[in-house]
Amino acid sequence: MSMFCYQCQEASKGMACEITGVCGKNPEVAAIQDMLIYVAKGISVFADAGFKKGVRNAEVDHFVFDALFTTITNANFDYEAIRKKVIDGLDLRDRFAKELENKGVSVDVSAYESATWKPVSTDEIDQKALVVGVLATENEDVRSLRELTIYGLKGMAAYGMHALHLGYLEEDIFGFTFRALVDVQNDTLSADELTALVLETGKNGVQVMALLDKAHNDTYGKPEITKVNIGVGTRPGILISGHDLKDIEQLLEQSENSGVDIYTHSEMLPAHYYPKLKKYTHLYGNYGSAWWKQNEEFESFNGPVLFTTNCIVPPRKSSKYADKVYTTGSSGFTGFPHIEADPETGTKDFSAIIEHAKKCAAPISIEEGEIVGGFAHNQVIQLADKVVDAVKSGAIKKFFVMAGCDGRNKERAYYTDFANALPKDTVILTAGCAKYRYNKLPLGDIGGIPRVLDAGQCNDSYSLAIIALKLKEVFGLEDINDLPIAYNIAWYEQKAVIVLLALLYLGVKDIHLGPTLPAFLSPNVANVLVNNFGIAPIGTVDADIELFMNA
Ligand code: SF4
Ligand code: SF3
């Protein structure tokens, strides 16, 4: 075994990647990512003590969230960049420990090796990195609950970073994150206490998604129903991928009147729904589909690509686009230029990528037409009367929440088949890149309500929860589970983990999860989720539709 990672849906053989990552993460990167989480845990021992005494440090906040975000699947493959974060983090931990000491805050570090371990060389860091990963916890149930918490925190921190970039994040989110990172190192906690921590992570996930929703709505206006062009223009383009709306805003501002068009890719598609982003006429359209098709789609795009977050797929050796990709934020890949924000202002200088685009040919068309989206909670609630009438008249029998992630596994064809096979009196509520499995199908509408309502990015699953809560109120129901809504969620990486934990916290039961259940759920932990929440794996399309329609 040269590595051990089981954090995403692609974990090798449904168990773990032990030789190299199916995602392309090699053992060195896997180990240094484990080390970065270990350093975040060490800093959190101090940050938790400081937080409880009212001592706050913005550098520490940022480090811990960035460490969690950096280690999300497909976000950062740059070994050197991650090792630098590790070294900087160890220095920050010791500086912050001094600051606390000077302020009279005592910290009991005796139970936490991560708070005291000091390497004397960088080689020692590499050696230590091999033993601080997932398998450092021997008991498989404790390991499962600890990792479930950490993966939830990773998703939460990713969304939290976007909210932070827009100036929206509440202090208690940091306080919870630090405490949770201490608790996952605490050998005295029982399985019940760790289970409670998992659910508390879901509660904080709801809060962060609500904050991000507010940040996006306040900053860019409320999402509107919008038709998005999926064809191409004649001018060179920049393709922007990932989830960070502040990045696309800055890119749009800086590229206005440059002769270059901006195209969204995968999870950046929902940028088109926001009034203050769609006002830019050079925000041309959306190019391609979900993240996993990028090897082909980037080739034909011709222009440079900017990754603001996950999901990066390592380019093939024969790739002709590898020298055109840039990263920013917590994302990274060895050899791709990384654009840093000005530490004072948060501004990013995208001039290099804009100049690069000017020298490129226009994108090659891979499809034509339009897709429609922008059905976030505000917009759908405006349609509430129409929706309620359609339910009361029987025109809509059921809603299917099919939020989450897409991925390259063949079994994911299930989701396209499922969408196609659903009875015509059903509506799909979607968010996240999972939508690309069915958002271009001719599924029609029900009395003017499209049968696929796209709320936005994976974090906009929050919108779907708000819509469900609103419908519960309108129908005068006691329990969210009495609504005619079924949940058939596709997951891939850790953002989907926090979405799932958030839905559980909101009381949603009987979620079907696929295409496979997480490898990091031990049989006992999986049983807890099955027994308490009715979580179930997907089956066949026909059997699942029958089950859902008769529930
Ligand atoms: Fe494997 Fe997923 Fe981990 Fe990558 S992130 S190494 S595919 S489990
Ligand atoms: Fe997709 Fe990576 Fe998860 Fe934001 S972009 S949902 S997989």
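Residues numbered from 1 in each chain as written. Chains lettered and ligands numbered in written order. Predicted model: local features only at pLDDT ≥ 70, side-chain atom pairs only at ≥ 80, totals over all residues. Heavy atoms only, no water.

The next subject is the site of ligand 2. In the vicinity of ligand 2, the contacting residues are His243, Glu267, Trp291, Asn310, Cys311, Gly404, Cys405, Cys433, Cys458, Tyr492 and Glu493. Residue composition of the shell around ligand 2, by class: six nonpolar, three polar and two charged. Residue contributions to the shell around ligand 2 reach at least three from each of two domains, namely domain 2 (226-358) and domain 3 (377-550). (Near = heavy atom within 4 Å. Nonpolar A, V, L, I, M, F, W, Y, C, P; charged D, E, K, R; others polar. Domains from an automatic or database assignment.)

Take the domain arrangement of the protein chain next. Domain parsing of the protein chain yields domain 1 (12-214), domain 2 (226-358) and domain 3 (377-550). Placing a centre on the C-alpha atoms of domain 1 and another on those of domain 3 gives a separation of 30 Å. Each side of the interface is counted separately: domain 1 has 34 residues, and domain 3 has 27 residues. Taken together, both faces of the contact between domain 1 and domain 3 bury some 2,600 Å²; the carbon and sulfur share is 70%. The largest contributions to the domain 1 side of the interface with domain 3 come from Leu148, Tyr159 and Met209, which together make up 23% of the buried area. Here domain 1 is connected to domain 3 by zero salt bridges. For the pair domain 1 and domain 3, the number of links is eight residue pairs in polar contact (both at pLDDT 80 or more). Residue assignment for the side of domain 1 that touches domain 3 shows that the elements contributing at least two residues are helix 6 (140-165) and helix 8 (191-220). A per-element tally of the side of domain 1 that touches domain 3 places helix 6 first, with 13 residues. (Contact = heavy atoms within 4.5 Å. Buried area = accessible area lost by both parts, 1.4 Å probe. Salt bridge = Lys/Arg side-chain N within 4 Å of Asp/Glu carboxyl O. Polar contact = N/O pair within 3.5 Å; in protein donor to acceptor, adjacent residues only side chain to side chain. Helix = DSSP H or I, 4+ residues; strand = E, 2+ residues; numbered from the N terminus.)

Buried residues dominate strand 10 (residues 426-430), accounting for five of its five residues. Alternating residues of strand 10 divide into Thr426, Ile428 and Thr430 and Val427 and Leu429, and every residue in both groups is buried. Sheet topology places strand 9 (residues 398-401) next to strand 10; four bridges connect them, and they run parallel. Within strand 10, the residue paired with Phe399 across the bridge is Val427. Running through helix 15 (residues 413-421), the crossover from strand 9 to the neighbouring parallel element strand 10 is right-handed. (Buried < 20%, exposed > 50% of the residue type's maximum accessible area, 1.4 Å probe, protein only. Pairing = 2+ DSSP bridges. Right-handed = clockwise from strand over helix to strand, strands pointing away.)

This brings us to the packing of helix 1 (residues 27-52) against helix 2 (residues 58-70). Orientation of helix 1 relative to helix 2, taken along the N-to-C sense of each, is 150 degrees, at an axis distance of 9 Å. Compared by their axis directions, helix 1 and helix 2 come out roughly antiparallel. Between helix 1 and helix 2 lies a crossing whose hand is left-handed. Residues Gln33, Leu36, Ile37, Val39, Ala40, Ile43, Ser44 and Ala47 of helix 1 pack against Val60, Phe63, Val64, Ala67, Leu68 and Thr70 of helix 2. Partitioning the contact of helix 1 with helix 2 into residue classes produces eleven nonpolar, three polar and no charged. (Axes fitted to C-alpha atoms, helices over the stretch in contact; angles between N-to-C directions. Parallel < 35°, antiparallel > 145°, perpendicular 65-115°, else oblique. Left-handed = near helix turned anticlockwise from the far one by under 90°.)

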